[in-house]
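A closer look at the structure
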Amino acid sequence: MDLRRANILGSCMLILICGGLGTQVMGIKSGVMVDPLGPRFFPGVILAMVAALSILVIGISIKNREEADTVFATRSGLTHTVLTLVIFVAYVVGLGTVGYAIATALFLFVLSAYYYGKVDKQLIAIAIYAVVSTIGVYLLFTHVFSIRLPRGVL
């Protein structure tokens with residue numbers, strides 16, 4: 001696949017993901033009737049920016065014909081990309097099932113172990129990183145931003 005097609009395809013996928021996540025963000029309950037800067041504001045702004053930049057990449061890629069000769073990815077690179085997307089989808093599904101803490105710790109561990117881990121002591125460091133990062137983000141969102149994170153159904 002050439003770089004031009006990859007940019008267009010990747011940007012279209014990002015726009016679809018932003019649309020799906022946008023519907024999830026709109027479902028976040030604020031607790032206040034009128035809350036312009038509530039828990040939906042910043043995720044909505046970030047999703048809108050990613051979608052707008054994706055549209056810009058599509059426009060630039062359509063206009064630029066030079067990228068048609070550049071090879072985007074090898075088969076192994078494409079395998080890594082697809083596996084990363086599968087892990088991400090499993091994480092999103094896991095958020096609603098097992099909750100933020102377990103899903104995020106597992107997501108960080110699996111993704112980090114896949115890209116950086118070896119079968120030695122480095123896996124222990126990756127596990128510690130995953131748990132500490134999850135706890136840090138959880139405390140930040142619940143205590144500083146006062147945002148409830150998904151608890152899951154289990």
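Described in the following lines is the structure provided in the data block. Keep in mind the model is a prediction, meaning the values are calculated, not measured.

Once that is clear, we can look at the packing of helix H1 (residues 3-26) against helix H2 (residues 41-63). Where H1 meets H2, the axes come as close as 9 Å, and the angle between the chain directions of the two elements is 160°. Judged by the angle between their axes, H1 and H2 are roughly antiparallel. Once H1 is placed against H2, the crossing between them reads as left-handed. In contact with Arg4, Asn7, Ile8, Ser11, Cys12, Leu14, Ile15, Cys18, Leu21, Gly22 and Val25 of H1, H2 contributes Pro43, Gly44, Leu47, Val50, Ala51, Ser54, Ile55, Val57, Ile58, Ser61 and Ile62. Class assignment of the residues belonging to the contact of H1 with H2 gives a composition of 15 nonpolar, 6 polar and 1 charged.

Another aspect to go through is the environment of Phe88. Tracing the backbone shows Phe88 in helix H3 (residues 75-97). Each C-alpha atom, one on Phe88 and one on Leu108, is 10.0 Å from the other, the two residues being 20 residues apart in sequence.

Let us look at the nonpolar core. Counting 10 residues, the largest nonpolar core consists of Ile87, Tyr91, Leu95, Tyr100, Ala103, Phe107, Leu108, Leu111, Ala130 and Leu149. When residues of this core are traced back to their parent elements, those giving at least two are H3 and helix H4 (100-116). Broken down by element, the residue count for this core peaks at 5 residues, all from H4. Other than its neighbours up to four places away in sequence, Leu149 contacts Tyr100, Tyr138 and Phe141.

Attention now goes to the packing of aromatic side chains. This structure, assessed with the given rule, holds 5 aromatic pairs. Ring centres of Phe88 and Phe107 lie 6.3 Å apart, and the angle between their planes is 65°; this geometry places the pair in the edge-to-face category. Of the two residues, Phe88 sits in helix H3 while Phe107 sits in helix H4, which places them 19 residues apart along the sequence. For Phe88, a relative accessible area of 29% gives the class partly exposed. The exposure class assigned to Phe107 is buried, which follows from its relative accessible area of 16%. For the ring pair Tyr114 and Tyr115, a centre distance of 4.8 Å and an interplane angle of 75° mean the geometry is edge-to-face. The exposure class of Tyr114 is partly exposed, given its relative accessible area of 30%.

Side chains of Leu9, Met13, Leu14, Ile17, Leu21 and Leu85 sit close together on the surface and give an oily, nonpolar patch of about 430 Å² of accessible area. Top element by residues in the nonpolar patch is H1. It accounts for 5 residues. Inspection of the secondary structure assignment puts Leu85 in helix H3. Residue Leu85 is classed as partly exposed on the basis of its relative accessible area of 33%.

Within the secondary structure, Ser54 is located in helix H2. Residue contacts for Ser54: discarding those within four places in its chain leaves Ser11, Leu14 and Ile15.

Now for H4. Turn by turn, an α-helix covers 3.6 residues, leaving residues three or four places apart pointing in a common direction. Look at H4: 23 Å from first C-alpha to last across 17 residues, which is about the 24 Å you get at 1.5 Å a residue. Considered for burial, the residues of H4 that qualify are Tyr100, Ala103, Thr104, Ala105, Phe107, Leu108, Leu111 and Ser112.

Now for a positive patch on the surface. On the surface, Lys29, Arg40, Arg148 and Arg151 cluster together into a positively charged patch. Mapped onto the fold, Arg148 is located in the segment after helix H5 (122-144).

What counts, and at which threshold
- As a convention, each chain's residues are numbered from 1 in the sequence order in which they are written.
- Per-residue local features are limited, in this predicted model, to residues with pLDDT of at least 70; the limit for side-chain atom pairs, both in listing and counting, is 80 or more; totals at the level of whole chains, interfaces and linings are taken over all residues.
- Derived side-chain values reflect all non-hydrogen atoms in the structure, with water molecules and hydrogen atoms excluded from consideration.
- Here, axes are lines fitted to C-alpha atoms. For helices the fit covers the stretch in contact, and angles between N-to-C directions go from 0 to 180 degrees.
- Elements are defined by DSSP. Helices are runs of H or I of four residues or more, strands are runs of E of two residues or more, and each kind is numbered from the N terminus.
- Just so you know how the angles are binned, under 35 degrees is roughly parallel, over 145 roughly antiparallel, 65 to 115 roughly perpendicular, and the rest oblique.
- Definitions for this section: a left-handed crossing has its near helix turned counterclockwise from the far helix by less than a right angle. A right-handed crossing has that turn clockwise.
- Any two residues whose heavy atoms approach within 4.5 Å at even a single point are treated as in contact.
- Following the grouping adopted for this structure description, the nonpolar residues are Ala, Val, Leu, Ile, Met, Phe, Trp, Tyr, Cys and Pro, the charged ones are Asp, Glu, Lys and Arg, and the polar ones are all others, Gly among them.
- Side-chain atoms within 4.5 Å are what join buried Ala, Val, Leu, Ile, Met, Phe, Trp, Tyr and Cys residues into a set we call a nonpolar core.
- Each residue is assigned to one of three classes by its accessible area relative to the maximum for its type, calculated with a 1.4 Å probe on protein chains only: buried under 20%, partly exposed between the two thresholds, exposed over 50%.
- Any pair of Phe, Tyr and Trp rings, taking the six-membered ring for Trp, is counted once the centres come within 6.5 Å. Such a pair is stacked with planes under 30 degrees apart, edge-to-face with planes over 60 apart, and tilted for the rest.
- By definition, no residue in a patch forms a salt bridge, and every one has over 30% relative accessible area; like charges are joined within 9 Å, nonpolar side chains (Val, Leu, Ile, Met, Phe, Trp, Tyr) within 5 Å.
- Here the open area of atoms and residues is found with the Shrake-Rupley method and a 1.4 Å probe, where only the protein chains shown may cover a residue.
- Here, a salt bridge means any Lys or Arg side-chain nitrogen found within 4 Å of an Asp or Glu carboxyl oxygen.
- Residue count minus one, scaled by 1.5 Å, sets the expected span of a helix.
- Within this scheme the basic residues Lys and Arg register as positive and the acidic residues Asp and Glu register as negative, but His and the chain ends are omitted.
- In plain terms, the charge of a residue is placed at NZ if it is Lys, CZ if Arg, CG if Asp and CD if Glu.

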